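Survey of secondary and tertiary structure
Residue strings, one per chain:
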Amino acid sequence: MKSPGFVINRIIAGIFIINIFIINIYAQEYKLSGYIYDSTSIKVLTGASIFVKGTSRGAVSNNKGYYSILIKDGENTIVVSYLGYESVEKTIEPGTDLS
């Protein structure tokens, strides 16, 4: 059986490596944020799902329809879905206006 000190040191080393990896990735990411609403009635869509296709990145709009997610540099396909509505996919790059 390994000593508790050995296990704790391995966990701390693992956390340190993960933090370095996240910092390197974070430098190449951009914040995508906005509001989700029905374009006809201008009704806020609370609980809409917004995610980057092919990744595990996503968000859910709050009670004001606001969302915020991080996207990588380059092309990203954003998928927006809401119960009772047809899903929408849009391919964007950082700096693109999704209006």
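Each remark here, short or long, concerns the structure printed above.
The model shown is predicted, which means the values in this text are computed figures rather than measured ones. (Residues numbered from 1 in each chain as written. Predicted model: local features only at pLDDT ≥ 70, side-chain atom pairs only at ≥ 80, totals over all residues. Heavy atoms only, no water.)

Thoughts on the overall build of the chain
Along the backbone of the chain there are one helix and six strands. Scanning the chain from its N terminus toward the C terminus, one meets helices and strands in the order α-β-β-β-β-β-β. Here the chain, with 99 residues, has 19% of them falling under the buried criterion. Considering only residue pairs separated by 6 or more positions, the chain has 47% of its internal contacts joining residues 24 or more positions apart. (Helix = DSSP H or I, 4+ residues; strand = E, 2+ residues; numbered from the N terminus. Buried < 20%, exposed > 50% of the residue type's maximum accessible area, 1.4 Å probe, protein only. Contact = heavy atoms within 4.5 Å.)

Quick word on the pattern of salt bridges
Tallying each qualifying case throughout the model produces two salt bridges. The partner of R57 in a salt bridge is E29, with the nearest N and O atoms 2.5 Å apart. Within this pair, whereas R57 is found in the loop between β2 (49–52) and β3 (58–60), its partner E29 is found in strand β1 (residues 29–35), the two being separated by 28 residues in sequence. Its relative accessible area of 14% is what places E29 among the buried residues. In this structure, the salt-bridge partner of K53 is E89, at a minimum N-O distance of 3.2 Å. Placement of the pair is K53 in the loop between β2 and β3 and E89 in strand β6 (residues 88–92), with a sequence separation of 36 residues. Overall, K53 belongs to the partly exposed group, its relative accessible area being 46%. The partly exposed category is assigned to E89, whose relative accessible area is 48%. (Salt bridge = Lys/Arg side-chain N within 4 Å of Asp/Glu carboxyl O.)

Describing the sheet that holds β6
Taken in spatial order, the four strands make up an open sheet running β3-β2-β5-β6, and their pairing is antiparallel. The sheet is open, and its two borders are formed by β3 and β6, each paired with just one other strand. Geometrically, the sheet is characterised by an average inter-axis angle of 15° between neighbouring strands, direction not taken into account. Pairing geometry for strand β5 (residues 76–81) and β6, over five bridges, is antiparallel. Looking at β6, one finds that T77 is bridged to T91. (Pairing = 2+ DSSP bridges. Axes fitted to C-alpha atoms, helices over the stretch in contact; angles between N-to-C directions.)

Quick look at unusual backbone geometry
For I42, which is not glycine, the phi torsion reads 60° and is therefore positive. Looking at the secondary structure, you find I42 in the loop between β1 and β2.

What about the packing of aromatic side chains?
Tallied over the full model, the rule gives two aromatic pairs. Relative to Y85, the ring of Y82 has its centre 5.4 Å away and its plane inclined at 65°; by these criteria the two rings are edge-to-face. (Phe/Tyr/Trp six-rings, centres within 6.5 Å; stacked < 30°, edge-to-face > 60°.)

None of the figures reported here should be taken as evidence of function without further support.
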